[in-house]
Amino acid sequence: MNQQVDFDAVVVGAGFSGLYMLHLLREAGYSAQLYDAAGDVGGTWYWNQYPGARCDVPAEFYNYTFSEEIHRDWKWSAVYPEQDEILSYIKYVTDKLDLRKDIQFNTRITDAKYDPEAHTWTVNVGGGRTVTSKYFIPAIGNVSVPHAPAIPGLDKFRGQTYHTSQWPHEPVDFKGKRVAVIGTGSSGVQAITAISKEAEHLTVFQRTPQYVMPVENPKVGEDDLERRRAEFPTLRKRVREHIVGMPCFDVRKPYSALEDTEDERNRHYEALWQEAKGFQMLYAYTDLTINDDANATIAEFVRGKIREIVKDPVKAENLMPTYLLGGKRPVVATNYYESYNRENVDLVNLKKTPIAECTENGLVTADGTEHELDIIVFASGFDAMIGPLAGTKIRGREGITLKEKWDDGRNLKTYLGVCHVGFPNMFTITGPHFPLTANALAVNEVIAEWVIDCIEHAEKQGLAEVEATPEGEEDWTAHVNEVGEQSIYARTDSWYTGANIEGKPRAFYGYTGDFQTYQDRFEKSKDYKALAVKPLQQVETT
Ligand code: N01
């Protein structure tokens, strides 16, 4: 590179994606510095240390696939490891690749600005210091800005409050405590199953009941480890050829659910429920999430399981989900519904009795009941997808921020979720239009490898800027919206469309197409290598 810059690239975020990006940049011979607000590596697994946090897909496919050595020398203890083990894996990879020397922790990047004359980014690293780089690569996650309901009087509460995604790194003692969990998404469900076993009393404040699929968590034996090591040479291919990047899930009956009789279907669903392999239930037939009548059959089956498991009929009724199963991000857990049979667990249906206020003693619902509490746990999710990037003042060529460019989501446009018109030489790895239904780690690898190819291409051609064209953005965004409109997600309220936060504009914040189509788009976009400039607009170095 010929510019006078501090680093060829600045990467933000020391989670799975940022760390891999840093590794690829260094391997390709570029100078790079990574900044993270946290005190150590881990990204989402650093912050989300709430009780019960664990991987909800088999870790066999929730790890990097680029290095046989890394794979060979790591041993997962269980199929779905807990948060601390995943964090240990990330630290292990960081140390193995000796990445720490190019990482600065405890540094929140609040703003960055593109200089169109110098073709460089100036990044504010705090304490009155800035650094410059040619490339700017935010990898700051898409569920990393916490959201919590504004409860009148919360500041008066004498107990402790926590958000699952900002959990303290010291243990929180629930023994003898009266605890509330607000929210029943993936985080809430995991926290509820864990806290219910420890707290004196747990009250769950639920806005929308969830379909929660059972999952067992077998230990990984030596035989299994050997098999995984032996299968490594095909791991990446198997992951990338699978419809969601998770080759452990297979369509068990490769035809419509409606082709079986009710009896056959229910026997099939029951067998899968007993297998307890989480998301596998969604693959019972080919059409559960694309045909509403097929969807109704599995939804009714799960409601039947709730009635069967939960002994108190009032609790059971309040736990009944009615939305299209799979329309929200699926949730899996061990013994979630069983938790409600514990005498120390109560459930408040917020649709019937919303929270009115918080007093110094606890939460008061609209029916006047005061729920006395020592601890309130917010498991209330995130300002997802655009939240992290829009919350950082990233100014492009014209001086406008991403938040302004996207008009808070009303005018959300990206190219592949990675490049953005008006923001040259910037690549976002986990931003909006990131695929929501595919294995996030596999997607991270696809994007980071595309980014390094693109940088290599730009450098070989002596380009000053690489930037999405308006046509590229329009085309990709139209594809995201078209796929979204046709999907189950268009007809369900969730963070996928911003419906979890009152007032957030409705949009398809993520890509909901299949992993193959997604990769095809990336593959086709590599025609920039032949110097066909579409859909990247390339400016020759002066
Ligand atoms: O957040 P969520 P999350 N008053 O948005 C409720 C990943 N993840 O942190 O459904 C009352 O899913 C809200 O209700 P509703 C995964 O991708 C992965 O649980 O909007 N309640 C919902 O019940 C996941 O999807 C793992 O009506 C309010 C809950 O809070 C994503 O992170 C583990 C409310 C929020 O659920 C987010 O999960 C954990 C209000 N004002 C998370 N606002 C793995 O295992 C919101 N809620 C890998």
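In the block above lies the structure referred to throughout.
Procedures and definitions
Residues numbered from 1 in each chain as written. Predicted model: local features only at pLDDT ≥ 70, side-chain atom pairs only at ≥ 80, totals over all residues. Heavy atoms only, no water. Near = heavy atom within 4 Å. Areas by Shrake-Rupley, 256 points an atom, 1.4 Å probe, with all protein chains shown as cover. Helix = DSSP H or I, 4+ residues; strand = E, 2+ residues; numbered from the N terminus. Nonpolar A, V, L, I, M, F, W, Y, C, P; charged D, E, K, R; others polar. Pairing = 2+ DSSP bridges. Axes fitted to C-alpha atoms, helices over the stretch in contact; angles between N-to-C directions. Contact = heavy atoms within 4.5 Å. Buried < 20%, exposed > 50% of the residue type's maximum accessible area, 1.4 Å probe, protein only. Parallel < 35°, antiparallel > 145°, perpendicular 65-115°, else oblique. Expected span 1.5 Å × (residues − 1). Core = buried A, V, L, I, M, F, W, Y, C linked by side-chain atoms within 4.5 Å. Salt bridge = Lys/Arg side-chain N within 4 Å of Asp/Glu carboxyl O. Polar contact = N/O pair within 3.5 Å; in protein donor to acceptor, adjacent residues only side chain to side chain.

Novice: For this particular structure, what's the right way to read the site of the ligand?
Specialist: Neighbouring the ligand are 24 residues, the closest being R54, S187, R207, T208 and K328. Within the complex, 87% of the 910 Å² of free accessible area of the ligand lies under protein. Looking at which element gives the most residues to the shell around the ligand, the answer is helix 5 (residues 186–195), with 3 residues. When the residues that make up the shell around the ligand are grouped by side-chain class, the tally is 8 nonpolar, 11 polar and 5 charged.

Novice: I would appreciate a short explanation of the sheet that holds strand 16 (residues 375–378) in the present structure.
Specialist: Two pairing modes exist for strands in a sheet, parallel and antiparallel, and in both the strands are linked by backbone hydrogen bonds. With parallel pairing, the 5 strands of this open sheet are ordered in space as 7-16-8-9-12. Both outer strands of the open sheet, strand 7 (160–163) and strand 12 (345–349), are each paired with one neighbouring strand and no more. On average, each strand axis in the sheet is tilted by 20° relative to the strand beside it, whichever way the strands run. When strand 7 meets strand 16, the two strands line up parallel, connected through 4 bridges. Note that in strand 16 the partner of Y162 across the bridge is V377. Sitting on the sheet, helix 5 is in contact with strand 8 (178–182), strand 9 (201–206) and strand 16, with an inclination near 165° to strand 8.

Novice: Teacher, can you tell me more about the side chain of N318 here?
Specialist: Mapped onto the elements, N318 comes out in helix 9 (residues 313–318). You can call N318 buried: its relative accessible area is 11%. The contact partners of N318, leaving out residues within four places of it in the chain, are Q206, P209, L347, N349 and K352.

Novice: What is the right way to look at the packing of helix 6 (residues 222–241) against helix 15 (residues 515–525) in this model?
Specialist: Angle between the axes and distance between the axes are the two parameters that describe a pair of packed helices. Taken N-terminus to C-terminus, the directions of helix 6 and helix 15 make an angle of 105°; their axes are 8 Å apart at the nearest point. Judged on the interaxial angle alone, helix 15 and helix 6 are roughly perpendicular. Residues V239, R240 and E241 of helix 6 touch helix 15, and the partners they reach there are F515, Q516 and Q519. For the contact of helix 6 with helix 15, the residue count by class is 2 nonpolar, 2 polar and 2 charged.

Novice: Please clarify how helix 7 (residues 262–275) should be interpreted in this entry.
Specialist: One turn of the α-helix equals 3.6 residues, which is why residues spaced by three or four share an orientation. Counted at 1.5 Å a residue, the expected span for helix 7 with its 14 residues is 20 Å, and the 20 Å between its end C-alpha atoms agrees. Contacts from the buried residues of helix 7 go to strand 10 (212–214), helix 8 (292–309) and helix 10 (336–339). After helix 7 finishes, the residue A276 shows a positive phi value of roughly 55°.

Novice: Can you help me understand unusual backbone geometry in this one?
Specialist: For residues that are not glycine, phi is negative in most cases, and the peptide bond is trans in most cases. Of note in the backbone geometry, A276 takes a positive phi value of approximately 55° without being a glycine. Within the secondary structure, A276 sits in the loop between helix 7 and helix 8. In this structure A276 comes out as buried when scored by relative accessible area, which is 4%. Phi at D408 takes a positive value of approximately 60°, unusual for a residue other than glycine.

Novice: I tried to follow the nonpolar core on my own but got confused; where do I start?
Specialist: In globular proteins that are soluble, nonpolar side chains generally tend to be buried together. In terms of nonpolar packing, the biggest core is built from 165 residues, with L25, Y89, I137, V302, Y337, F427 and W450 touching the most fellow members. With residues near it in sequence (within four places) discarded, F427 still touches Y135, F136, I137, P138, V418, C419, W450, V451, C454 and I455. Formed by 12 residues, the second largest nonpolar core is a distinct cluster that contains F205, V348, L363 and F378.

Novice: Is there a simple way to explain the pattern of salt bridges in this structure?
Specialist: Opposite charge on two side chains lets them pair, provided their charged atoms get close. Inspection of every chain in the model, using the stated rule, returns 47 salt bridges. Notably, a salt bridge pairs D250 with R252, separated by 3.2 Å at the nearest N-O pair. A single salt-bridge network, built from bridges that share partners, covers E60, D224, R227, R228, E231 and R238.

Novice: Would you take a moment to explain the environment of E370 for this structure?
Specialist: The topology assignment puts E370 in strand 15 (residues 370–372). The exposure class of E370 is partly exposed, given its relative accessible area of 34%. It is 40 Å that separates the C-alpha atoms of E370 and E270, two residues lying 100 residues apart in sequence. With near-sequence residues (within four places) excluded, E370 lies in contact with T359, N361, G362, L363 and V364.

Novice: Looking at this structure, how should I read helix 8?
Specialist: The end-to-end C-alpha separation of helix 8 is 25 Å, in line with the 26 Å expected for 18 residues at 1.5 Å each. Residues of helix 8 that are buried: A294, N295, T297, I298, A299, F301, V302, R303, K305, I306 and I309. In this structure, the buried side of helix 8 is in contact with strand 10, helix 7, helix 9 and helix 10. Sitting at the head of helix 8, N291 places a side-chain oxygen 2.8 Å from the backbone nitrogen of D293.

Novice: Is there a simple way to explain the environment of V172 in this structure?
Specialist: Assignment of secondary structure puts V172 in the loop between strand 7 and strand 8. For the pair formed by V172 and I375, sequence separation is 203 residues and the distance between their alpha carbons is 9.8 Å. Excluding anything up to four places from it in sequence, V172 contacts Y162, W167, E198 and I375.

Novice: Just to check I follow, could you spell out the sheet that holds strand 4 (residues 111–115) for this structure?
Specialist: Taken together, the 7 strands give an open sheet; going across it, the order is 3-2-1-6-5-4-17, and neighbouring strands pair in mixed fashion. The open sheet has two free edges, formed respectively by strand 3 (103–104) and strand 17 (393–395), since each of these has just one partner strand. Relative to strand 2 (residues 32–35), strand 1 (residues 7–12) runs parallel, the two being bridged by 4 bridges. Paired with V10 across the strands is Q33, a residue of strand 2.

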